[in-house]
Amino acid sequence: MSLFSSAEFWIALSQIILINIVLSGDNAVVIAMASRSLPPAQQKKAILFGSVGAIVLRVVLTFFAVYLLTLPYLKLVGAALLFWIGIGLLQQEDEETGLEGHAGLAAAIKTIVLADLVMSLDNVVGVAAAAKGNVPLLVFGLVISIPLIIFGSTLILKLMDRFPIIIVLGAALLGWVAGEMAISDPAIAGWVADRHALHTMVPAFGALLVVAVGKWMSSRREQRREELQATKKQPAV
C-alpha cells in the first residue's frame, strides 16, 4: 500500500501514461492501417492482440533501451525496416479480401507488433527515464496505456473509412518517423548535428519517398492485374 500511497509513484505513473499518449500517435496509425482491410470482427481482434503484443515487447525492450540506442547503425536498420513497412501498408491489395481470415489476421498482428517494436526504440527511453528503475511502476504504466492506444487506433480506423486520404498521410508519417530515426543513429548523429537543415529535409524526403514508391508499386500491381485479365479474355486461337 505504501507504494500506491506515495505521491512520487502517482507523479511518475502520470508521466509514463502521458509519454505513451504523446508518443503512441504514430503507433496508433500503424495499427489502424494494418487492420483496415480485415472484416470488422477481425479488426477488433487485430487491434487488441496487436496492441497487447506490442506493449509486452515494449516492456522487454525498455530494459535494454538505453544500451540498444548507443549501438551504431541499429537505428539505420530500423529506419529502413520502418520505411518498407510504410510502403507495404500503403498498398491497396485487392487480393487480401480473398485470403483466409486467420492468415489475414495473423499478418496484421505481425505487422503491428513489428512496426511498434521498431518505432518504440525512442519511445521507451522516455518511459524508462520516468520510471526511474521502478519495474512495477514501468509495467503498470505501460499496461494502463493499452486501452489508450486501442482507443486511438479504433478512432483512426473509423476516420479512414470516411477519409481515405488519411491512409496516405499515415504512410507519409511512417516515412517521416523513419527519416528522424535514421539521422539520430549514433553512427552519423555527430555529422548530422552540424547540418541543421537535415533535421527537416531527411524526414520530409522520407515521407515523400514512402508515398511515391508506395503509389508507384500500387499502380504497377494494378497494371499487371489489368494485363492479366485482358490476356484471360482473349479468345483461344
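Let us look at the structure shown here.

Procedures and definitions
- Residues numbered from 1 in each chain as written.
- Predicted model: local features only at pLDDT ≥ 70, side-chain atom pairs only at ≥ 80, totals over all residues.
- Heavy atoms only, no water.
- Helix = DSSP H or I, 4+ residues; strand = E, 2+ residues; numbered from the N terminus.
- Buried < 20%, exposed > 50% of the residue type's maximum accessible area, 1.4 Å probe, protein only.
- Contact = heavy atoms within 4.5 Å.
- Areas by Shrake-Rupley, 256 points an atom, 1.4 Å probe, with all protein chains shown as cover.
- Core = buried A, V, L, I, M, F, W, Y, C linked by side-chain atoms within 4.5 Å.
- Patch = residues over 30% accessible without salt bridge, like charges linked within 9 Å, V, L, I, M, F, W, Y side chains within 5 Å.
- Salt bridge = Lys/Arg side-chain N within 4 Å of Asp/Glu carboxyl O.
- Axes fitted to C-alpha atoms, helices over the stretch in contact; angles between N-to-C directions.
- Parallel < 35°, antiparallel > 145°, perpendicular 65-115°, else oblique.
- Nonpolar A, V, L, I, M, F, W, Y, C, P; charged D, E, K, R; others polar.

### Examining the overall build of the protein chain
Then comes step 1: When helices and strands are tallied, the protein chain shows nine helices and zero strands.
Then comes step 2: If you list the helices and strands of the protein chain from N to C, you get α-α-α-α-α-α-α-α-α.
Then comes step 3: A buried classification covers 41% of the 237 residues belonging to the protein chain.
Then comes step 4: Residue pairs in contact within the protein chain that sit at least 24 positions apart in sequence constitute 87% of those at least 6 positions apart.
Then comes step 5: A total accessible area of about 13,100 Å² is found for the protein chain, and carbon and sulfur atoms account for 71% of it.

### Re the nonpolar core
Then comes step 1: Core analysis: the largest hydrophobic core is formed by 37 residues, its most contacted members being Met33, Leu82, Leu89, Ile156 and Met160.
Then comes step 2: For this core, the secondary-structure elements that each account for two or more residues are helix H2 (25-35), helix H3 (40-68), helix H4 (74-90), helix H5 (101-131), helix H6 (135-162), helix H7 (165-183) and helix H9 (198-233).
Then comes step 3: Top element by residues in this core is H7. It accounts for nine residues.
Then comes step 4: Setting aside residues up to four positions removed in sequence, Ile156 forms contacts with Ala28, Val29, Ala32 and Ile166.
Then comes step 5: Ranked by size, the runner-up nonpolar core spans six residues in total, among them Leu38, Leu105, Ala108 and Val113.

### Concerning a nonpolar patch on the surface
Then comes step 1: On the surface, Leu48, Phe49, Val52, Val56, Val60 and Phe64 cluster together into a nonpolar patch covering about 510 Å² of accessible area.
Then comes step 2: One can find Phe49 in helix H3.

### Quick notes on the packing of H4 against H7
Then comes step 1: Running from amino to carboxyl end, H4 crosses H7 at an angle of 170 degrees, the nearest separation of the two axes being 8 Å. With respect to their mutual orientation, H4 and H7 come out roughly antiparallel. Here H4 contributes Lys75, Leu76, Gly78, Ala79, Leu82, Phe83, Gly86, Leu89 and Leu90 to the contact with H7, which in turn contributes Ile167, Val168, Ala171, Leu174, Val177, Ala178, Met181 and Ala182.
Then comes step 2: Here the contact of H4 with H7 is built from residues that sort into 14 nonpolar, two polar and one charged.

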